[in-house]
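If you want the building blocks of each chain, they are given just below.
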Amino acid sequence: QVALTPREIIILEHLAKGLSFKDVAPIEDISYYTVADHVKAIYRKLAVNSRGEAVYEAIQSGLIAVKE
């Protein structure tokens, strides 16, 4: 099981909804660059290279759930 921080999971959930880094930054009250740093860490931990892969892997491993 991959260990993501609670903040990384929240950011990944935003990305799964299709939000951009610029959209996520004000919602989480952090800078665009901080969002980008979190996403880099997420990609590294999940061993992926794109948003789609990250979302897919997170759903498959139960880190995030897709709401119907």
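Refer to the structure above for everything that follows.
Residues numbered from 1 in each chain as written. Predicted model: local features only at pLDDT ≥ 70, side-chain atom pairs only at ≥ 80, totals over all residues. Heavy atoms only, no water.

*Asks:* Break down the environment of Asn 49 for me, citing the residues and quoting the values.
*Replies:* Within the fold, Asn 49 resides in the loop between helix H3 (32–46) and helix H4 (51–60). Distance from Asn 49 to Leu 4, taken between C-alpha atoms, is 16 Å for residues 45 residues apart in sequence. (Helix = DSSP H or I, 4+ residues; strand = E, 2+ residues; numbered from the N terminus.)

*Asks:* So, helix H1 (residues 6–16): which residues are in play, and what are the values?
*Replies:* The set of residues buried in H1 consists of Glu 8, Ile 11, Leu 12, His 14 and Leu 15. Buried residues in H1, looked at end-on, bunch into an arc of 155°, giving them a common side. On its buried side, H1 packs onto helix H2 (21–28), H3 and H4. Downstream of H1 by a residue or two, Gly 18 has a phi angle that is positive, lying close to 95°. (Buried < 20%, exposed > 50% of the residue type's maximum accessible area, 1.4 Å probe, protein only. Arc of directions from axis to C-beta. Contact = heavy atoms within 4.5 Å.)

*Asks:* Give a detailed account of unusual backbone geometry, specifying residues and quantitative values.
*Replies:* Of note, the phi angle at Asp 29 is positive, near 55°, even though the residue is not glycine. One non-glycine residue, Ala 47, adopts positive backbone phi at about 55°. Mapped onto the fold, Ala 47 is located in the loop between H3 and H4.

*Asks:* Just give me the short version of the pattern of salt bridges, but keep the residues and values in it.
*Replies:* Within the structure shown, the criterion is met by 2 salt bridges. Between Glu 8 and Lys 45 there is a salt bridge, with its nearest N and O atoms 2.9 Å apart. Placement of the pair is Glu 8 in helix H1 and Lys 45 in helix H3, with a sequence separation of 37 residues. (Salt bridge = Lys/Arg side-chain N within 4 Å of Asp/Glu carboxyl O.)

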